[in-house]
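# Residue-level structure breakdown
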Amino acid sequence: MGTSLKGRTIVMSGGSRGIGLAILTAAAREGANAVFLAKTDAPDPRLPGTVHTAVAAIEAAGGSAVAVVGDVRAEADVERAVATAVDRFGGVDICVNNASALDVRGTGELPLKRFDLMQSINSRGTFLLTRSCLPYLKRSDQAHVLTLSPPLNLAPRWLGAHPGYTVSKYGMTLLTLGWAAEFAGDGIAANCLWPQTLIATAAVSNVLGGEEAASRSRSPEIMADAALAVFSRPPRERTGETLIDADVLAEAGVTDLAGYGGGTHPELDFFVDPPQAG
């Protein structure tokens, strides 16, 4: 029997759309509270939804939600989001490091400004949000840190593909694995979750190839269902792992993934190698 999310409070970076919103909406169906820190207060023509439409979707699913408009790079904004969770819901049970910047240009083409942006949102933002949640996670009997970052795949094809982006994402993973060890005695689980395939989000459409790439992508709900499966486990039972969504669902008995879309051969995500034959 899994652990209930009813009355549990999730603090997330990002969350106004895509995978983050899918996770918060799925958790809301289980009775969770959500506080998320995101920047889209007014509609952006390139991006679906705002913090306001996200709150409406989460509450329609049965949860309580508060959006904090701010930037995961700003310490005051992050601390305000955590304080909001404590003031409104009494604490923090789950910290989800979801916000991420993506730029897959090679070293010669990647401007330093974009390199800095990825490090500050991805690795630094993950450190800042988790650090801010930490005092409250230590008080929870169901404390989880979940970071949306990949397994540490040191194959040359990945190391050489886009080192600027890779170091920002691997930094998120290394921090999270470090926290699993650092806080093992506090009963705080810390795991990474990554999609096996591309996920149909604005980032895929805008950066990686538009509708054609989206057609070979699974829906964000696969990551939401996998995240809930992770949260349902007692913290001391699963920690210090880099998890792939399809593997988590297979463990939970879900092997038919056709309902998540992507066609018969969805495109593998970054840092995920094809299965070995035989």
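Heads up: these notes are all about the structure in this document. (Residues numbered from 1 in each chain as written. Predicted model: local features only at pLDDT ≥ 70, side-chain atom pairs only at ≥ 80, totals over all residues. Heavy atoms only, no water.)

## Describing the overall build of the chain
- Across its full length, the chain holds 10 helices and seven strands.
- Evaluated residue by residue, the chain yields a buried proportion of 54% over its 278 residues.
- A separation of at least 24 residues holds for 74% of the contacts in the chain among residues at least 6 apart in sequence.
- The averaged location of the 29 negative side-chain charges in the chain is 4 Å from the averaged location of its 23 positive side-chain charges. (Helix = DSSP H or I, 4+ residues; strand = E, 2+ residues; numbered from the N terminus. Buried < 20%, exposed > 50% of the residue type's maximum accessible area, 1.4 Å probe, protein only. Contact = heavy atoms within 4.5 Å. Lys, Arg positive; Asp, Glu negative; His and termini not counted. Charge placed at Lys NZ, Arg CZ, Asp CG, Glu CD.)

## Notes on the sheet that holds strand β7 (residues 242-244)
- On the basis of which strands lie adjacent, the open sheet formed by seven strands has the order β3-β2-β1-β4-β5-β6-β7 and parallel pairing. Looking at strand neighbours, the two that pair on one side only are β3 (64-69) and β7, the edges of this open sheet. The mean inter-strand angle of the sheet, taken between neighbouring strand axes irrespective of direction, is 20°.
- Here strand β5 (residues 144-147) runs beside strand β6 (residues 189-194); their pairing, made up of four bridges, is parallel. Across the sheet, the residue bridging to Leu146 is Asn191, located in β6. (Pairing = 2+ DSSP bridges. Axes fitted to C-alpha atoms, helices over the stretch in contact; angles between N-to-C directions.)

## A closer look at the environment of Gly160
- The topology assignment puts Gly160 in the loop between α5 (156-159) and α6 (163-182).
- Residue classification places Gly160 among the exposed positions, given a relative accessible area of 58%.
- Considering only alpha carbons, one finds Gly160 and Ala101, 59 residues apart in sequence, at a separation of 19 Å.

## Quick look at the layout of surface pockets
- When its volume is computed, the second largest pocket comes out at roughly 160 Å³.
- Surrounding the second largest pocket, 10 residues form its lining, Thr3, Leu5, Glu30, Leu228 and Ser232 being those nearest its centre.
- Its residues assigned to classes, the lining of the second largest pocket comprises four nonpolar, four polar and two charged. (1 Å grid on protein atoms, 1.4 Å probe; cavity = no way out; pocket = protein on both sides within 12 Å on 5 of 7 lines; lining within 4 Å. Points joined across faces, edges and corners; volume = space filled by probe spheres on them. Nonpolar A, V, L, I, M, F, W, Y, C, P; charged D, E, K, R; others polar.)

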